[in-house]
Amino acid sequence: MSTNPLISEPVDDFVSRLEAMTDDELFVIMNDLEKASEAAKGGAAEEILARIALTESEIERRYPGRLLAPYRDWKQRQPLL
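Now for a description of the structure that goes with this document.

**What about the overall build of the protein?**
Next, step 1: Looking only at helices and strands, the protein has 5 helices and 0 strands in total.
Next, step 2: Mapped from its N terminus to its C terminus, the protein presents α and β elements in the order α-α-α-α-α.
Next, step 3: At 12 Å, the protein has a C-alpha radius of gyration in line with the 12 Å of a compact globule built from 81 residues.
Next, step 4: Projecting the C-alpha coordinates of the protein onto the three principal axes gives extents of approximately 35 × 25 × 20 Å.
Next, step 5: For the protein, the proportion of its 81 residues judged to be buried stands at 32%.
Next, step 6: The long-range fraction of contacts in the protein, counting pairs at least 24 apart against all pairs at least 6 apart in sequence, stands at 61%.
Next, step 7: A total of about 5,100 Å² of accessible surface is found on the protein, and carbon and sulfur atoms cover 54% of it.
Next, step 8: Separation of charge centres in the protein, based on 10 positive and 16 negative side chains, amounts to 5 Å.

Structure representation (structure tokens):
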């Protein structure tokens, strides 16, 4: 299994952590997962995409009806991404 803690941590723990994160922390995780998905292959890519879906769900739970707009807005405000 991957040594990346975003990927190797049990799904239940990952979801619990997402729920407790600030919005900025959540958006950083989403950004990190997107970057990881670009480099991933095979089973690792599937695991990353599943975690992206979980992260998207948490963003949408916090911002009903706005889909990923809050994340995209945050990303535009980050000059170093």
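**Some remarks on the pattern of salt bridges**
Next, step 1: A full pass over the atoms with the stated rule returns 7 salt bridges.
Next, step 2: Between D73 and R66 there is a salt bridge, with its nearest N and O atoms 3.7 Å apart.
Next, step 3: Given a relative accessible area of 38%, R66 falls into the partly exposed group.

**Focus on unusual backbone geometry**
Next, step 1: Look at L67: it is not a glycine, yet its phi comes out positive at around 50 degrees.
Next, step 2: By the element assignment, L67 lies in the loop between helix 4 (42–62) and helix 5 (69–76).

**Some remarks on helix 3 (residues 23–39)**
Next, step 1: Spanning 17 residues, helix 3 covers 25 Å between terminal C-alpha atoms, matching the ideal 24 Å at 1.5 Å per step.
Next, step 2: For helix 3, every residue scored as buried is listed here: L26, F27, I29, M30, N31, L33 and A36.
Next, step 3: Tucked into the core, helix 3 has its buried residues touching helix 1 (5–8), helix 2 (11–20), helix 4 and helix 5.

**Digging into the nonpolar core**
Next, step 1: Counting 19 residues, the largest nonpolar core has I29, L33, I48 and I59 as its most contacted members.
Next, step 2: Among the secondary structure elements, those contributing two or more residues to this core are helix 1, helix 2, helix 3, helix 4 and helix 5.
Next, step 3: Among all residues touching L33, those that are not within four sequence positions of it are L6, I7, F14, I48, R51, I52 and T55.

What counts and what doesn't
Residues numbered from 1 in each chain as written. Predicted model: local features only at pLDDT ≥ 70, side-chain atom pairs only at ≥ 80, totals over all residues. Heavy atoms only, no water. Helix = DSSP H or I, 4+ residues; strand = E, 2+ residues; numbered from the N terminus. Rg over C-alpha atoms; globule rule 2.2 N^0.38 Å. Buried < 20%, exposed > 50% of the residue type's maximum accessible area, 1.4 Å probe, protein only. Contact = heavy atoms within 4.5 Å. Areas by Shrake-Rupley, 256 points an atom, 1.4 Å probe, with all protein chains shown as cover. Lys, Arg positive; Asp, Glu negative; His and termini not counted. Charge placed at Lys NZ, Arg CZ, Asp CG, Glu CD. Salt bridge = Lys/Arg side-chain N within 4 Å of Asp/Glu carboxyl O. Expected span 1.5 Å × (residues − 1). Core = buried A, V, L, I, M, F, W, Y, C linked by side-chain atoms within 4.5 Å.

The quantities given are spatial measurements derived from coordinates; they are silent on function.
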